[in-house]
Structure formats: structure tokens, C-alpha cells
Amino acid sequence: MIRFEHVAKCYPDGTIAVDDLSFEVGDGELVTLVGPSGCGKTTTMKMVNRLIEPTSGRILLDGRDIAETDPVKLRRRIGYVIQQVGLFPHKTVLDNTATVPVLLGRSRAAARRRAAELLELVGLDPRTFGHRYPDQLSGGQRQRVGVARALAADPPVLLMDEPFGAVDPVVREHLQNEFLRLQSEMRKTVLFVTHDIEEAVRLGDRIAVYGEGRIEQLDSPARLLGAPATPYVAEFVGADRGLKRLSVTPIGRADLVEPPVVSLDDPLEAAAARLRAADARWAVVLDDADGLHGWVGADALAAGTTAAAARHGTVRDHARRMDAWLPLGASLKQAFATMLQYDAGWIAVLDGDRFAGVLTPTALHEALRRSIASDDGDGAGVRLETVAGA
Ligand code: ADP
Ligand code: MG
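Here's a quick rundown of the structure.

The rules we used
- Residues numbered from 1 in each chain as written.
- Chains lettered and ligands numbered in written order.
- Predicted model: local features only at pLDDT ≥ 70, side-chain atom pairs only at ≥ 80, totals over all residues.
- Heavy atoms only, no water.
- Helix = DSSP H or I, 4+ residues; strand = E, 2+ residues; numbered from the N terminus.
- Near = heavy atom within 4 Å.
- Polar contact = N/O pair within 3.5 Å; in protein donor to acceptor, adjacent residues only side chain to side chain.
- Areas by Shrake-Rupley, 256 points an atom, 1.4 Å probe, with all protein chains shown as cover.
- Nonpolar A, V, L, I, M, F, W, Y, C, P; charged D, E, K, R; others polar.
- Salt bridge = Lys/Arg side-chain N within 4 Å of Asp/Glu carboxyl O.
- Buried < 20%, exposed > 50% of the residue type's maximum accessible area, 1.4 Å probe, protein only.
- Pairing = 2+ DSSP bridges.
- Axes fitted to C-alpha atoms, helices over the stretch in contact; angles between N-to-C directions.
- Parallel < 35°, antiparallel > 145°, perpendicular 65-115°, else oblique.
- Left-handed = near helix turned anticlockwise from the far one by under 90°.
- Contact = heavy atoms within 4.5 Å.

One non-glycine residue, His6, lies in the positive phi region at around 45 degrees. Position of His6 relative to the elements: it lies in strand β1 (residues 2-10). In this model, Asp62 sits at a positive phi of 50 degrees, which is unusual for a non-glycine residue. Structurally, the position occupied by Asp62 is in the loop between β4 (56-61) and β5 (64-65).

A few words now on the site of ligand 1. Around ligand 1 sit Tyr11, Asp13, Thr15, Ala17, Pro36, Ser37, Gly38, Cys39, Gly40, Lys41, Thr42 and Thr43, and that is every residue in its neighbourhood. At 2.6 Å, a backbone N or O of Gly38 approaches an oxygen atom of ligand 1. For ligand 1, whose accessible area on its own is 570 Å², the fraction buried by protein is 62%. When residues in the shell around ligand 1 are grouped by element, the largest group, 3 residues, is from helix α1 (residues 41-48). Per-class residue counts for the shell around ligand 1 are 4 nonpolar, 6 polar and 2 charged.

Right, let's get into the pattern of salt bridges. Taken as a whole and assessed by the stated rule, the structure comprises 21 salt bridges. The salt bridge partner of Glu198 is Lys333, with a shortest N-O separation of 3.2 Å. Taken together, the residues Glu198 in helix α8 (residues 197-203) and Lys333 in helix α14 (residues 332-341) connect sequence positions 135 residues apart. Note that Arg223 is salt-bridged to Asp219, the shortest N-O span being 3.7 Å. On the basis of relative accessibility, which here comes to 28%, the residue Arg223 falls in the partly exposed class. Here Asp219 falls in the buried class, since its relative accessible area comes to 18%.

Okay, the pairing of strand β10 (residues 215-219) next. Here is the key point about a regular strand: its side chains alternate between the two faces of the sheet. In terms of strand pairing, strand β9 (residues 206-210) meets β10 through 4 bridges, oriented antiparallel. Across the sheet, Ile207 pairs through a bridge with Asp219, a residue of β10. Where β9 folds back onto β10 in an antiparallel hairpin, the turn is made up of 4 residues, including Gly213, whose phi is positive at roughly 70 degrees.

Here the focus is the packing of helix α3 (residues 93-103) against helix α6 (residues 139-151). Interaxial distance between α3 and α6 falls to 7 Å at its minimum, and their mutual angle equals 30 degrees. Between α3 and α6, the crossing angle belongs to the class labelled roughly parallel. Taken as a pair, α3 and α6 cross one another with a handedness that is right-handed. Contacts from Val93, Asn96, Thr97 and Thr99 in α3 reach Val145, Ala148 and Arg149 in α6. Class assignment of the residues belonging to the contact of α3 with α6 gives a composition of 3 nonpolar, 3 polar and 1 charged.

Structure, rendered in C-alpha cells:
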């Protein structure tokens, strides 16, 4: 657990970078620090691994004042990931990842084995990437190596300073997803700096919104978006926080609607009858393993049953593939984006490999409304019109 007690940092030139900072990051908690450039985020971070010493106040790690801990020993317990990554250009990806364990006295073979596991964990196949050099990687891949390297010594604490800041938005969202998945398994204690409020809200168990050198609000994503504590925070999280809310609300089973479902091998007549009975214009088509194949329209089925030659056909002859799908637990924002991308009136939601139901725009709106209503009553401040009008 990391605890800041009245921490201030004044640089020799008189700049007060942070002032009277007091907060805690619990074990296994991910706190994001977000705010405009120059508000003191990096300074806060670097005081934790003693790259910078506070002018006053103290920082405790697991109850011990870090000022009394040897910096080298301290840093062994703290992984550090920065935007420029700082990989060694002359070392392979595998050796870059193994750097810290080797420094800590592990055998090179053991360190490399561990490095290969970690590369796998961050989504880089060690057989493909292990022997490359950093300049043979994309920006996103380099960031993954940076994360793998920070994890190599299995530190309980991670400091991440705008780690995904230099990659394009699509890669960035990938990295964020992967990191969330990793974090749900590892449960490290993480301080994560970003200047992007969306990223902060997406990743943080709690978010600290920085004004100049101080925290204006430290709260859960839902409360930050639902009840900004000050006009500054309201301004910073933006007038469109109803929309941002989309990105922190997961698709749940209760949000799904259940259209008629037919199988690829169902006879046309039976499938057409099922759609007529449900008065539906289309049905979801599943493959043999109850996985999603796509959809079939009532018109296509009806036409199929009247064409004499196709009377004995199956749904397979008329089914269309459907690529617009998401896993349960994906955000409503992803659902919205997917609908737009595929120009789809609905998207399929899968639970693992199995079809769970579909999300429609109406269901999406309902889910958002419910999410806001359940938010301690404070969410009333979020205006749904913002979303409906989007
Ligand atoms: P952020 O990471 O939020 O962009 P920083 O913590 O890097 O902000 O910087 C906070 C403030 O401290 C800024 O005004 C910056 O110019 C100043 N600052 C940072 N490092 C130094 C330094 N070594 N000497 C003097 N001022 C500094
Ligand atoms: Mg910074």
C-alpha cells in the first residue's frame, strides 16, 4: 500500500510542482493520476521510487517511510514503465525483458525463461519477437516490451507514466484492454499517469484529477463522472460525461434481448415458421457448436421456401455472416462504436464462444439509464439527453 502524507515538492528554481498531497493507493488497487501537462503528475510518481525527493511530507510503502529505505532495494519492489520505454537498442527483446532479473543475480537461462513467459503474457510471441531488436518493433509492441520488462522482477508496485501516450488510438485501446486483463490477474498496486481522461476513467479503480499541484477529486469512475466535486473537475471530465459513462459501463446479460434463433442445418420451412410465429424480420443463425454464424432475414427464408428447387434446403443456403459481435463485459461504448462501424441495428454478444443474446440501440440506452440510476443517486446529475442526442 502506498500512502502520501502532506507531500510537497518545490524545485530549486521555486516551482511548486505538488503541494500538500495526501492520499492512499490500496493493495491491488489501480489509481490513475490525470490532469493537464505540468500539474505535477510525473513529480508525484518519481517521488515514489525516489528519483525525486519530496521537500516536505512523507511517503509510506507498506507502512514504512521510503526515505528510510535504500533506493536500490526500494526500486526492486517497484516496476517503472515510461512513455519512451527506454529499451536498450543493442539488446534483443528477450534480453531487454530479462534485464532486471539478471541484475538481481538470476541465471541468464532462468531470466530468459521468465522473460519469454512475460512476453507471452503481454501478447508478444517470444518465438517471433524474442530475438528482434527494439527498432524492429512497432510503437505498440515496444510498449508491450516495456510492460513485460517492468513485470520481470514481479514487483508488487507498478508506476506507469503515460505508458501508452505515444501510440495511435486503436493500438492504445488494445494495450489498455490487455493491461486491464493482466491487472485483473496480477492485482498489482498501480499508479498510472495519463493526461487523457478517457484512459483514466477506463483503467482506474479510482481516479485522481489533478489541478495545479494538487488533487481536486479522488473518486471511482462512476462518482467522478456522476458527481464532479468542483467546477474544475466538471470542466475537465467534460460536458459529455454521459457519453464517457458509456465507456465504463459493461454489457451485462440483463441488457440483452433474445431474437429468434435458428441453426445452420435447420430446414427452411421450420425456420420460416419460427420467424412467423415470433413475428420477427430476422433471426440469429448459430453454427453446430452454438457459436455465432450470422443472421438470416425472414424475406430470404420465405423466398427460399417458395422456390421449388430450394424447398428442401436449409438455413445455411440463405444465412449471412455477421462480424459485429462483442464479448459480455465489453463496454457500452464499444457496443455503440461497433454498431456504427458495421452500420448494424444490433450486435451479437457472446459469452466465451457461445451466443448470449443481442444488444440493440434501445437496449443500449436502457443499460446506460440503469447504470446511471444505480449510481448512489448522485448520477442524477448526468443528463441522458446528451447520449440520446448523439
Ligand atoms: P506533469 O507530469 O503533470 O506534466 P511534472 O510533474 O513533470 O508535470 O511537472 C510539474 C511542474 O514542475 C511543471 O511546472 C514543471 O515545469 C516543473 N518541473 C518539473 N521538473 C522540474 C525541474 N527539474 N526543475 C524545475 N521545475 C520542474
Ligand atoms: Mg509528466
